[in-house]
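In case you want the letters, here they are:
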Amino acid sequence: MSAWEAVIGVETHVELGTASKMFCGCPADTTAEPNTNVCPVCLGLPGALPVPNERAIEMTVAVGLALGCRIAADSEFSRKNYFYADLPKNYQISQFDLPLCLEGSLDVEVGEQTVAVGITRVHLEEDTGKSTHLGETGRIHEADAALIDFNRCGVPLMEVVTEPDMRTPEQARAYADELRAIVLALGVSDARLEEGSLRFDANVSVRPAGAEGLGVKVEVKNMNSLRSLQRALAHEIERQTALAEAGEPIAQETRHWDEAAGVTKPGRSKEQSSDYRYFPEPDLVPLHVGDEQRDRIAASLPELPAARRARYRGMGLDAGTARLVAEGDGLDEVFEEAAAAGADPQAAATWLTGEVVAHLRRTDARLGATPLDGAALAALLAMIDGGEVSATAAKAVLAGVLDGEGSPREVAEARDLMQIGDAGALEAAVDEALAAHPDEAGRLRDGDMKLIGFFVGRVMQATGGKADPRMVSDLIRGKATG
Amino acid sequence: MGDPADLTIAEAGRQLRDGGLTAAGLLDAVRRRASMTEAQLHAFLTIDAEGAAAAAERADAALARGEDLGPLHGIPVALKDNMVTRGVETTAGSRILAGWVPPYDATVVERLARGGAVIVGKTNMDEFAMGSSTENSAYGPTRNPWDPGRVPGGSSGGSASSVAVGSALGALGSDTGGSIRQPAALTGIVGMKPTYGLVSRYGLIAFASSLDQIGPFARTVEDAVGIFEVIAGHDPSDATSYRGPVPDARAGLAEGPEGLRVGVLRELSGEGNDPDVLEAFERTVDALAGAGATVTPMSLPSCADALNAYYLIAPAECSANLARFDGVRYGPRIGGDTVEQMMGATRRDGFGPEVTRRILVGTYALSAGYYDAFYGQAQKVRTLVVEDFRRAYADVDVLVCPTSPTTAFRVGERADDPLQMYLSDVATVPVNLSGDPGISVPVGVDRDGLPIGFQVIAPALGEAALVRAAAAVERLAAFDARPALATSEGAA
């Protein structure tokens, strides 16, 4: 089975989160009522001309820098010519031989292993419109009519192309995950796969393990999640390996991942050898990114996910927790605040990735929308440490804080969850418990120390969980031996 | 002549301001002229009677309030039909845009409106500005007011004809390879192509984006400058628009030719020109020298290859620019079983033969395996042209040559011979490749009484020198012939 190895390259389209479209002032909002965010430019009306979105260019340079790319001082837009009904000019403004960013590399962690994935290029282009085919089957060739929504047309799309440096579906998934984390950290896209703001295509071939050359390449499309990327590649590699082992030819083609069936299927065979007749876009002047602009963007880059994870590990978190905190939606911010407020980093991280995330999932809420901040989390942890709330009660306190009932102390007091730390009150409760169970109390005094646990349980029950179990235990031990 | 339709823009402007004339009266005069001549000329595709009347009324009201909107205030101006006009059909001379009413105005249209101009209508043109005779219009040819058996040149033949005959006092054309200067020469008027980037292309239906430039037609150099002043200037909607200040073209009007360094462009000023054209050209050059200009012959070898490069670059760009006409969103649609069939049928039906030819040439020139030999090579020639011009301007202020090697040819004479037709542009194409400004000024008539144009070209942003030379040529030539159709007897 190990006689064949896969070679994988990934192309990622990222819909940039700019306010306006790539070449006109229309809002880049694809969710609006169809064909409401359109103008002569993005509809490709005769006479209309494109004007590039500076913000999109800066975002692309930022991603290029984060991926260790060389930023081309001089690049240009080109026209990619092909006829398609949702491409109103019947050419797409893209970049061809002179992209904005090139020759980068991204370290990707897969288990214990780190794989350096070469970044061929990062370039900028415009998105197309969206076609909907009406008819019973929803298939193009059987459709009764087609509707086109041009709201998406002209939304800035950044394309990140890797070298064929990945060998397993896991590596490809880890790469995609890391790229997504970077895009999110830079704030250049909402990176939602299910909504298509992040789209992955993979090029995959197989060759005898250890061989130098490349096998016949198949492009796999239509993977809408990281999981389907991994599954599709696993399937495709298996398919190609079986063909190779049987000595059958592998066709160079585009295949579509069928999520439900769990297989890749050949695409429509309209894509003969496509000649896009690229040439420099004469409606735009060449792009120039000066050293000063590049350096300014570099200086404004936030901490990247890998650096952040390394720093969190330095603070004592294990690798898995560090990744969860670094990449969870808003967890990093609360975590850093809590640590800064004196909380133990590992405890803060454990609470965040455990109880907090579980509560958010239950209530379908986002952390940013709750009142929980780092100070509150630190305060709660301090109350646990100081014996003011039990670990059990603390979960209820946290839920109250997340639900907006107030600070941890306010919630604990309002819900009557403060631990009883008053020795006099506890002693009375212990005496009551001993009196209520005279047989067990007798055996305890006779030295049956196993019964300490029994009485701690009674006291905790009687106090509604508010008693400090350690103090209770000490008191009972004192009664037994005293 | 007492007919306001025969006034220059400058003179009409004076009369509008001193109360001797109203914009409404001036509009009536050009409308009368049009009604007398249109049946023979077919200069217009659309006459916007209502819009023009409203604009004239606004212009008069503003003048009455004491507002002065500049040199075109109240002046009837015609617009080539490749500039989009909100609410007024715009076809670019093509069947594929029949009935299309744009939802927006070109930047030049907005600027004309702000300048108080009265847009009288949309003029005929070679389909998508591809041609040198205005015979390639899907709506029938425009004819030359000097002789309706002849073409007015092209592709802006409708605009040229309308100004020559007096159905407008000025007009806008577009010049991709000579489409303003060549028809100006063939109709005996002034036509100017400004420096690429000085006039916004936003709303100009593209032929070849890197070459297209909008510019004025008028009967005098001064009037052309007036139109230029209104339409030039940076436009944030056009990424290729020049950001710096507009050159002071008017400054060139007053200066004489004394000390002006004039280079005679040798490759384009000898063999290949009609003897009458050459004679008128040389007479004018001598007059310039006599008036104190320094005249030097200049050789620009790359000009010989410019036409070939042009006929690869322009078709390559047009093959993409015209891809959008597919029947999906606007214009007529010819049905088909699939989207691809519908697009193919619509385009086959909608485009005329010359447009189809250029799309095919351009598609071929950009194809894998041919790109380097054709489009790539043409771009190198373009670079050579730019360098040749730059070198020349170290020694001279302007270059001159005949605008067109011939005067107006007969309708149908070159229609079946594309290569012969392409040669009409041999002298005008080089500055489209270099981006520099050029102007054609009438300097005489040939043995048939047909006008002859004299071309001045200048370095980029050198509109002041361009106008200085052109105004001197205009004064020295003292061209005052008028086309037969511009008089009521001729129009009868």
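Conventions and cut-offs
Residues numbered from 1 in each chain as written. Chains lettered and ligands numbered in written order. Predicted model: local features only at pLDDT ≥ 70, side-chain atom pairs only at ≥ 80, totals over all residues. Helix = DSSP H or I, 4+ residues; strand = E, 2+ residues; numbered from the N terminus. Rg over C-alpha atoms; globule rule 2.2 N^0.38 Å. Buried ≥ 20, exposed ≤ 12 C-beta atoms within 10 Å, placed from the backbone. Contact = placed C-beta atoms within 7 Å. Pairing = 2+ DSSP bridges. Domains from an automatic or database assignment. Bend = angle between axes of the 7 residues up to and from the residue. Nonpolar A, V, L, I, M, F, W, Y, C, P; charged D, E, K, R; others polar. Axes fitted to C-alpha atoms, helices over the stretch in contact; angles between N-to-C directions. Parallel < 35°, antiparallel > 145°, perpendicular 65-115°, else oblique. Left-handed = near helix turned anticlockwise from the far one by under 90°. pLDDT = per-residue confidence, 0-100. Core = buried A, V, L, I, M, F, W, Y, C linked by C-beta atoms within 7 Å.

> What am I meant to see in the overall build of chain B here?
Counting its regular elements, chain B contains 17 helices and 11 strands. On C-alpha atoms alone, chain B measures out to a radius of gyration of 21 Å, which is about the 23 Å that the 2.2 N^0.38 rule sets for 492 residues. For chain B, the C-alpha atoms occupy an extent of roughly 65 × 50 × 45 Å along the three principal directions. Residues classed as buried in chain B amount to 64% of the 492 residues present. A separation threshold of at least 6 residues defines the contact pool for chain B, and within that pool the share at least 24 residues apart is 76%.

> Would you mind going over the overall build of chain A with me for this structure?
Looking only at helices and strands, one finds 15 helices and 16 strands in chain A. For 482 residues, the compact-globule estimate of 2.2 N^0.38 gives 23 Å, and chain A exceeds it by more than 25% at 30 Å. Overall, chain A is about 95 × 55 × 50 Å in size when its C-alpha atoms are taken along their principal axes. The burial tally for chain A puts 39% of its 482 residues in the buried class. Within chain A, residue pairs in contact and separated by at least 24 positions form 69% of the contacts whose partners lie at least 6 positions apart.

> In this structure, what is going on with the sheet that holds strand β14 (residues 263–266) of chain A? I would like to understand it.
The strands making up a sheet associate through backbone hydrogen bonding, with each pair oriented either parallel or antiparallel. Residue and element names in this part refer to chain A. Pairing is mixed in the open sheet, where nine strands are placed in the order β2-β6-β7-β10-β1-β11-β12-β13-β14. Each of the sheet's edge strands pairs with one partner strand only, and the pair in question is β2 (70–71) and β14. Where strand β1 (residues 4–15) meets strand β10 (residues 156–162), five bridges bridge the pair, whose relative direction is antiparallel. Across the sheet, residue Val 14 finds its bridge partner in β10, namely Met 158.

> I'm lost on the sheet that holds strand β15 (residues 279–280) of chain A in this one. Help?
Residue and element names in this part refer to chain A. As summarised here, the arrangement of the three strands in space is β5-β4-β15, forming an open sheet in which the pairing is antiparallel. The outermost strands of the open sheet, each flanked by one partner alone, are β5 (91–94) and β15. Of the strand pairs in this sheet, strand β4 (residues 78–81) and β5 are connected by four bridges, and their pairing is antiparallel. Looking at β5, one finds that Arg 79 is bridged to Ile 93.

> Sorry if this is basic, but what is going on with the domain arrangement of chain A here?
How big an interface is tends to be expressed through the accessible area that disappears when the partners come together. According to the domain assignment, chain A contains domain 1 (4–293), domain 2 (303–414) and domain 3 (423–481). Using C-alpha coordinates to define each centre, domain 1 of chain A is positioned 67 Å away from domain 3 of chain A.

> Please clarify how helix α2 (residues 23–41) of chain B should be interpreted in this entry.
An α-helical segment advances 3.6 residues per turn. Residues three or four places apart therefore align on the same side. Residue and element names in this part refer to chain B. The axis of α2 is deflected most strongly, by about 35°, at Ser 35. The set of residues buried in α2 consists of Ala 23, Leu 26, Leu 27, Ala 29, Val 30, Arg 33, Ala 34, Met 36, Thr 37 and Leu 41. Looking one or two residues beyond α2, the residue adopting positive phi is His 42, at roughly 55°.

> So what exactly am I meant to see when it comes to the interface of chain B and chain A here?
Facing the 33 residues of chain B at the interface are 25 residues of chain A. Looking at the side of chain B that touches chain A, the elements that each hand over two or more residues are α10 (303–321) and α11 (339–350) of chain B. A total of three residues in the side of chain B that touches chain A trace back to one element, the largest contributor, which is α10(B). Among the residues forming the side of chain B that touches chain A, the class breakdown is 20 nonpolar, seven polar and six charged.

> Sorry if this is basic, but what is going on with the packing of helix α6 (residues 319–327) of chain A against helix α8 (residues 345–363) of chain A here?
A packed helix pair is summarised by two numbers, namely the angle formed by the two axes and the spacing between the axes. Residue and element names in this part refer to chain A. The geometry of α6 relative to α8 is characterised by a closest axis approach of 10 Å and an angle of 65° between their N-to-C directions. As judged from the angle between their axes, α6 and α8 are roughly perpendicular. Crossing handedness for the pair α6 and α8: left-handed. Of α8, the residues touching α6 (which contributes Thr 321, Leu 324 and Val 325) are Ala 349, Leu 352 and Thr 353. Considering only residue class, the contact of α6 with α8 consists of four nonpolar, two polar and no charged.

> How do you make sense of the confidence of the model for chain B when you look at a structure like this?
Close inspection of predicted coordinates is inappropriate in any region flagged by low pLDDT. Looking at chain B, the pLDDT average stands at 95 and 99% of residues meet or exceed 70. Quick note on the complex model: pTM equals 0.89, ipTM equals 0.95.

> Would you explain the pairing of strand β4 (residues 170–174) of chain B in this entry?
Consecutive side chains of a regular strand alternate in pointing toward one face of the sheet and then the other. Residues and elements named next belong to chain B. Taken across its five residues, β4 has five buried, putting it largely inside the fold. Residues Gly 170, Leu 172 and Ser 174 line one face of β4 and the alternating positions Ala 171 and Gly 173 line the opposite face, and both faces are buried. The sheet contact formed by strand β2 (residues 76–80) and β4 spans three bridges and is parallel. Bridging across to β4, Leu 79 finds its partner in Leu 172.

> Explain unusual backbone geometry here, please?
Peptide bonds are, in most cases, trans, and in most cases residues other than glycine have a negative phi. Residue B:Gly154 is joined to B:Ser155 through a cis peptide bond whose omega torsion reads 10°. The phi dihedral of A:Asn90 falls on the positive side, at around 60°, and the residue is not glycine. A:Asn90 gets classed as buried once you count the C-beta atoms within 10 Å, which come to 21. Although it is not a glycine, B:Ala129 sits at a positive phi angle of roughly 70°. A tally of 30 C-beta atoms within 10 Å means that B:Ala129 is categorised as buried.

> Just to check I follow, could you spell out the nonpolar core for this structure?
Buried together is how nonpolar side chains tend to be arranged in soluble globular proteins. In terms of nonpolar packing, the biggest core is built from 232 residues, with B:Val77, B:Val118 and B:Val398 touching the most fellow members. No other element matches the 11 residues that α10(B) contributes to this core. Beyond its immediate sequence surroundings of up to four residues, B:Val77 is in contact with B:Leu72, B:Leu112, B:Ala117, B:Val118, B:Ile119, B:Val120, B:Ala168, B:Gly170 and B:Ala171. In terms of nonpolar packing, the next biggest core, distinct from the first, is built from 35 residues, A:Leu324, A:Ala338, A:Val356 and A:Ala376 among them.

> Would you mind going over α6(A) with me for this structure?
Looking at α6(A), one finds that the buried residues are A:Thr321, A:Ala322, A:Arg323, A:Leu324, A:Val325 and A:Ala326. Where α6(A) is buried, its residues meet α5 (305–314), α7 (331–340) and α8 of chain A.

> What's the story with the packing of helix α9 (residues 275–290) of chain B against helix α16 (residues 463–477) of chain B in this structure? I'm lost.
Residues and elements named next belong to chain B. It is at 10 Å that the axes of α9 and α16 come closest, and there the two elements cross at 105°. As judged from the angle between their axes, α9 and α16 are roughly perpendicular. Of the residues in α16, those in contact with Thr 284, Ala 287 and Leu 288 of α9 are Ala 472, Val 473, Leu 476 and Ala 477. Of the residues that constitute the contact of α9 with α16, the class distribution is six nonpolar, one polar and no charged.

> Teacher, can you tell me more about the pairing of strand β10 (residues 438–445) of chain B here?
All names here are of chain B. Among the eight residues in β10, seven count as buried, and that is most of the element. Across three bridges, strand β5 (residues 190–193) lies against β10 in antiparallel orientation. Residue pairing across strands places Met 192 opposite Ile 439, the latter belonging to β10. One ladder, built from seven bridges, connects β10 with strand β11 (residues 451–457); its direction is antiparallel. Opposite Val 441, over in β11, you have Phe 454 as the bridge partner.

> Whenever I open this one, the environment of B:Pro437 confuses me. Can you help?
Residues and elements named next belong to chain B. On the secondary structure map, Pro 437 appears in the loop between α15 (429–434) and β10. C-alpha of Pro 437 to C-alpha of Ser 424: the two residues are 13 residues apart in sequence and 19 Å apart in space. In this structure Pro 437 touches Lys 193, Pro 194, Thr 195, Ile 457, Ala 458, Gly 462, Glu 463 and Leu 466, once residues within four positions along its chain are discounted.

> I tried to follow the environment of B:Asn144 on my own but got confused; where do I start?
All names here are of chain B. Position of Asn 144 relative to the elements: it lies in the loop between β3 (118–123) and α5 (157–165). Under the C-beta neighbour-count criterion, Asn 144 is labelled buried, with 34 such atoms within 10 Å. Sequence separation between Asn 144 and Val 264 is 120 residues; the distance between their C-alpha atoms is 29 Å. Those residues within four positions of Asn 144 in sequence are excluded, and the remaining contacts are Arg 150, Val 151, Pro 152, Ser 161, Leu 186, Thr 187 and Ala 408.

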